[in-house]
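In case you want the letters, here they are:
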Amino acid sequence: MHIVHITSELATVAKVGGLGDVVFGLSREQVKQGHSVSIIIGRYRHAEHKAVTDLRKVKTDCQVEFDGSKWDVTIEKGKLGEVEVFLVDTNHPEGFFAQEEVYGYSNDTSRFLCLVAISYAILKEPAKCKMRPFDMVHLHDWQSAPFSALAKQKGLNVKTVLTLHNIEHQGQASPEIFARAGIDHEGASSSLELGLLTASGLSAVSKTYLKEIQTADGGRGLDRLLKELVLKVPTKGIVNGIDENFWDPSDKVVSAPFSSKTLKFTSAKSQCEQKAKCKQAFAKSYHLSFDPSKPLVACIARLVPQKGLDLIEHALFQTLELGGQFVLLGSSPIAHISTHFQRLEQSLLYSQDAKVILGYSEELAKQLFSAADMTLIPSLFEPCGLTQLIGFRYGALALARETGGLKDTVIDVDNHPLKDALGNGFSFLYPDYQGVGYALTRALDMWKNNPKMWQKIVKRVSSQDVSWRHSAKEYETLYKAVLSKS
Ligand code: ADP
């Protein structure tokens, strides 16, 4: 099958959160499984285009219709491994991809409608743009969702799957805004709603999230529509994987590289030898004390309300009280949240056991995952969540709220019926201080008092299959269901 992903994010090129990881990891696995994959993404001027190799301008007279006029489309085609990447732009004077950040501008809806219109211009005559004929167009969240409406309205016969990574943002748009891209709104008031109304198949990034978004609480106003759609179009809840080559504890960024097979423990200690060395190096760089008897809890997150910010802060202080260490690596697009965490960072400047690192760095994230004994994810809602999966790969147990994909992937070591065989973390139901405390106290108690059990679980989580293998197959099954439906 030839699959085309249209996306606003792609890890190593332009990533804000999990969406970028998903498109990156899924497309690479799809190639491994014998498909060919092309990705269409805006050519953001600030992005890391050097990750894309063999980048060449495609000679084409392709034009996009926007604001009732035609504009030249520029396409640069390159490779990310075996995945074909199309970086696209136009000479429209609004400069849709010229900004510093991927999101956060008053014309965001128009910016991504322009990406949709350019994608349509390419996919209606792919050969003109040096793309092979394709079987399936995979859309991601509100940014590329309206593609299915545009294709349908223009009579282009394509099959689409729309994946819901997070329906909190929907790309609210008036009929006039849709009209800029020549799209009829069909009664929809957002890009996401229009995509839902017209996609040939749907997926959400976990089974539990698929259920949650069909409830009044989790549906963000789309629950009724979603309930109708799941009965009409092929739909699946498919949990994300991670790219195991990118998130690899044996790579050179890690101070003491290891793998699930090489993990070593000295008897009767919860701390594994390699992770102790990683912790020591991290502690040195960030002026923390190094004491392998103290477990390190890490939280790596976009600092937005969804992530349970007061619970993160509470957990930091409770970890210190319980004799552990805590590092938060995060960044926030919201000014007052940034200011709040800058103050917290300042107040902890001289702490030997806690650090707040404000900023975005994948290299640092890898070093922190490799040093961490636990990752904390106390989200109010979490469609899938990747940090618990990345943490497993680096031998860190999860401390997670039972919601969305966290519920589907974190198995409580005490309370799950299959705990002895499968437990990989400590979970809690209610997003309050008591809940997070319940997970933390049990975890730190096991670390101190039951090192044999801790060692067993570290070995288990680090060899757990968190790859894309299974989930990419699930997408293939969904594509086939969509293609077989006339
Ligand atoms: P979301 O998509 O809601 O941000 P996910 O858990 O699905 O949450 O994915 C978050 C991704 O972003 C993970 O790969 C995580 O490691 C990464 N990440 C988040 N914040 C940072 C940061 N400050 N520095 C480096 N990586 C980060």
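Residues numbered from 1 in each chain as written. Predicted model: local features only at pLDDT ≥ 70, side-chain atom pairs only at ≥ 80, totals over all residues. Heavy atoms only, no water.

A.B. asks: When you look at the environment of Val 253 in this model, what are you seeing that I'm missing?
C.D. replies: With respect to the secondary-structure elements, Val 253 resides in the loop between β10 (235-237) and α9 (273-285). Separated by 113 residues in sequence, Val 253 and Lys 366 place their C-alpha atoms 7.2 Å apart. Other than its neighbours up to four places away in sequence, Val 253 contacts Glu 363, Lys 366 and Gln 367. (Helix = DSSP H or I, 4+ residues; strand = E, 2+ residues; numbered from the N terminus. Contact = heavy atoms within 4.5 Å.)

A.B. asks: Honestly, the environment of Ile 118 in this entry has me stumped. Any pointers?
C.D. replies: Structurally, the position occupied by Ile 118 is in helix α2 (residues 108-124). On the basis of relative accessible area, Ile 118 is assigned to the buried category, the value being 0%. Ile 118 sits 30 residues away from Val 88 along the chain, and the two C-alpha atoms are 7.5 Å apart. Those residues in contact with Ile 118 that lie beyond four places of it in its chain are Val 64, Val 73, Val 88, Asp 89, Thr 90 and Phe 97. (Buried < 20%, exposed > 50% of the residue type's maximum accessible area, 1.4 Å probe, protein only.)

A.B. asks: Would you explain the site of the ligand in this entry?
C.D. replies: Contacts to the ligand come from 21 residues, most closely from Gly 18, Asp 21, Arg 302, Lys 307 and Gly 359. Side-chain polar atom of Lys 307 to an oxygen atom of the ligand: 2.8 Å apart, as the coordinates give it. Protein contacts shield 94% of the accessible area of the ligand, which totals 560 Å² for the unbound molecule. Looking at the shell around the ligand, the elements with two or more residues in it are α1 (18-32), β11 (296-302), β12 (325-331), α12 (362-371) and α13 (387-393). Residue composition of the shell around the ligand, by class: nine nonpolar, eight polar and four charged. (Near = heavy atom within 4 Å. Polar contact = N/O pair within 3.5 Å; in protein donor to acceptor, adjacent residues only side chain to side chain. Areas by Shrake-Rupley, 256 points an atom, 1.4 Å probe, with all protein chains shown as cover. Nonpolar A, V, L, I, M, F, W, Y, C, P; charged D, E, K, R; others polar.)

A.B. asks: I tried to follow helix α16 (residues 433-449) on my own but got confused; where do I start?
C.D. replies: Along an α-helix, a turn takes 3.6 residues, which lines up residues three or four apart on a common side. Taking 1.5 Å of rise per residue, 17 residues should cover 24 Å, and α16 covers 23 Å from first to last C-alpha, within 8% of that figure. Restricting attention to buried positions, one finds in α16 the residues Gly 435, Val 436, Gly 437, Ala 439, Leu 440, Arg 442, Ala 443, Leu 444, Met 446 and Trp 447. (Expected span 1.5 Å × (residues − 1).)

A.B. asks: What should I look at first to understand the pairing of strand β13 (residues 354-358) in this one?
C.D. replies: Both faces of the sheet carry side chains from a regular strand, because those side chains alternate between them. Within β13, four of the five residues are buried, leaving the element largely enclosed by the surrounding structure. Two elements, β12 and β13, share five bridges in a ladder whose sense is parallel. Opposite Gly 330, over in β13, you have Leu 358 as the bridge partner. Between β12 and its parallel partner β13, the chain crosses via helix α11 (residues 335-347), and the hand of that crossover is right-handed. (Pairing = 2+ DSSP bridges. Right-handed = clockwise from strand over helix to strand, strands pointing away.)

A.B. asks: Would you mind showing me how to read the sheet that holds β13 here?
C.D. replies: Two orientations exist for strands paired in a sheet by backbone hydrogen bonds: parallel and antiparallel. Taken together, the six strands give an open sheet; going across it, the order is β13-β12-β11-β14-β15-β16, and neighbouring strands pair in parallel fashion. At either end of the open sheet lies a strand with only one pairing partner, and these are β13 and β16 (425-428). Across the sheet, the axes of successive neighbouring strands diverge by a mean angle of 15°, strand direction being ignored. As defined by bridge partners, β11 adjoins strand β14 (residues 374-377) across two bridges and the pair is classed as parallel. Across the sheet, the residue bridging to Ala 298 is Thr 375, located in β14. (Axes fitted to C-alpha atoms, helices over the stretch in contact; angles between N-to-C directions.)

A.B. asks: What am I meant to see in the pattern of salt bridges here?
C.D. replies: When charged atoms on two side chains of opposite charge get close, those side chains can pair. For the structure on display, the rule yields 27 salt bridges. A salt bridge links Lys 50 to Glu 48, with the shortest nitrogen-to-oxygen separation between them at 2.5 Å. Across the pair Arg 469 and Asp 465 runs a salt bridge whose closest N-O atoms are separated by 3.5 Å. Judged by its relative accessible area of 40%, Arg 469 is partly exposed. On the basis of relative accessibility, which here comes to 48%, the residue Asp 465 falls in the partly exposed class. What emerges from the salt-bridge pattern is a single network uniting Lys 15, Asp 21 and Glu 362. (Salt bridge = Lys/Arg side-chain N within 4 Å of Asp/Glu carboxyl O.)

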